[in-house]
Amino acid sequence: MTKWLGSGRRRDICVILAGEGPLNGQALKSRLESHYDERIDPKSFYGALDTLVDNGHLELRESGIHDEYALTDAGRRMVDEQFAWMADHLDDE
């Protein structure tokens, strides 16, 4: 597996998008902050989004006033592979 999940935040962004579909940056940030129960620095958050876009795991789509982030096919495969890996390790017990 590539190093795309070198950050738990990047993993969690992809998980949210896999479950909910495309979201604008602020909505995605709000969901992540609710999950973490703490405020996330915008520069750090948008840096994680930029990395995911640059690596081809997310795409930025024009959608009215606010652009939306969506999981690409490559991003979806990485989420699926991550969960399969996790399930394999949980089944070992």
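Residues numbered from 1 in each chain as written. Predicted model: local features only at pLDDT ≥ 70, side-chain atom pairs only at ≥ 80, totals over all residues. Heavy atoms only, no water.

Quick word on the nonpolar core
Grouped together as the largest cluster of nonpolar side chains are 17 residues, with contacts concentrated most on Ile13, Leu17, Leu28, Phe45, Leu49 and Leu58. Looking at this core, the elements that each hand over two or more residues are helix H1 (8-20), helix H2 (25-36), helix H3 (42-54) and strand E3 (68-71). When near neighbours in sequence (up to four residues on either side) are disregarded, Ile13 contacts Leu28, Leu32, Phe45, Ala48, Leu49, Leu52 and Leu58. (Core = buried A, V, L, I, M, F, W, Y, C linked by side-chain atoms within 4.5 Å. Buried < 20%, exposed > 50% of the residue type's maximum accessible area, 1.4 Å probe, protein only. Helix = DSSP H or I, 4+ residues; strand = E, 2+ residues; numbered from the N terminus. Contact = heavy atoms within 4.5 Å.)

A short note on the packing of H1 against helix H4 (residues 73-91)
Where H1 contacts H4, the two axes come as close as 10 Å, and the packing angle between them is 105°. It follows from the interaxial angle that H1 and H4 lie roughly perpendicular. Here Arg11, Cys14, Val15 and Ala18 of H1 come into contact with H4, specifically with Arg76, Val79, Gln82 and Phe83. A breakdown of the residues in the contact of H1 with H4 according to their chemical character gives five nonpolar, one polar and two charged. (Axes fitted to C-alpha atoms, helices over the stretch in contact; angles between N-to-C directions. Parallel < 35°, antiparallel > 145°, perpendicular 65-115°, else oblique. Nonpolar A, V, L, I, M, F, W, Y, C, P; charged D, E, K, R; others polar.)

Here's the deal with the sheet that holds strand E2 (residues 58-61)
Spatial strand order, E1-E3-E2: three strands in an open sheet with antiparallel pairing. The open sheet terminates on both sides in strands that have one partner only, identified here as strand E1 (23-24) and E2. Inspection of the sheet shows E1 paired to E3 by two bridges, in the antiparallel sense. By the bridge assignment, Leu23 is partnered in E3 with Tyr69. (Pairing = 2+ DSSP bridges.)

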